[in-house]
Amino acid sequence: MWEDDYNLDVALSAVSAFQAIKIKEYMNENNPDKKQKLKQEINMIRFEIDALYKEGELQQSVMDKVFRLYAPLVKAYAKNLI
C-alpha cells in the first residue's frame, strides 16, 4: 500500500513539473500553430493529473506514461538548468 502511495506522489510531482514546463513554453511561444498544439498538450496533461486521482486501469496507465516519458523529460530539463 505505501509503495503505491509513494509512486502516486512521485507521479503527481513529475506530471505537475512537466505541466509547468509546457506552460512556460506556451507563454514564450509566438507561433499561433505551435501555441495551439501546446495548449492541447497542457489540456491532456490536466486530464492525466485528474486520472491519477482515480483508481483503476486508467490511473495505472497514466502512471506508466509518467514514469516512462515525463519523468525522464523533467530530469533532462532540470539537468539543463544547472
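### Brief notes about the confidence of the model for the protein chain
Here is step 1 of the chain: When pLDDT is averaged along the protein chain, the result is 93, and 95% of the positions lie at 70 or above.
Here is step 2 of the chain: When mean pLDDT is taken per element in the protein chain, helix 2 (residues 32-52) scores highest with 97 and helix 1 (residues 2-28) scores lowest with 92.

### A look at the side chain of Gln59
Here is step 1 of the chain: With respect to the secondary-structure elements, Gln59 resides in helix 3 (residues 57-81).
Here is step 2 of the chain: A relative accessible area of 13% means that Gln59 is categorised as buried.
Here is step 3 of the chain: Here the side chain of Gln59 touches Leu52 through a polar contact of 2.7 Å, landing on its backbone oxygen.

### What to know about the nonpolar core
A general tendency of soluble globular proteins is for nonpolar side chains to be buried together.
Here is step 1 of the chain: Core analysis: the largest hydrophobic core is formed by 16 residues, its most contacted members being Val15, Ile45, Leu52, Val66 and Tyr70.
Here is step 2 of the chain: Residue contributions to this core peak at seven residues, all from helix 1.
Here is step 3 of the chain: Setting aside chain neighbours within four positions, we find Leu52 in contact with Leu8, Ala11, Leu12, Val15, Gln59, Val62 and Met63.

Basis of the calculations
Residues numbered from 1 in each chain as written. Predicted model: local features only at pLDDT ≥ 70, side-chain atom pairs only at ≥ 80, totals over all residues. Heavy atoms only, no water. pLDDT = per-residue confidence, 0-100. Helix = DSSP H or I, 4+ residues; strand = E, 2+ residues; numbered from the N terminus. Buried < 20%, exposed > 50% of the residue type's maximum accessible area, 1.4 Å probe, protein only. Polar contact = N/O pair within 3.5 Å; in protein donor to acceptor, adjacent residues only side chain to side chain. Core = buried A, V, L, I, M, F, W, Y, C linked by side-chain atoms within 4.5 Å. Contact = heavy atoms within 4.5 Å.

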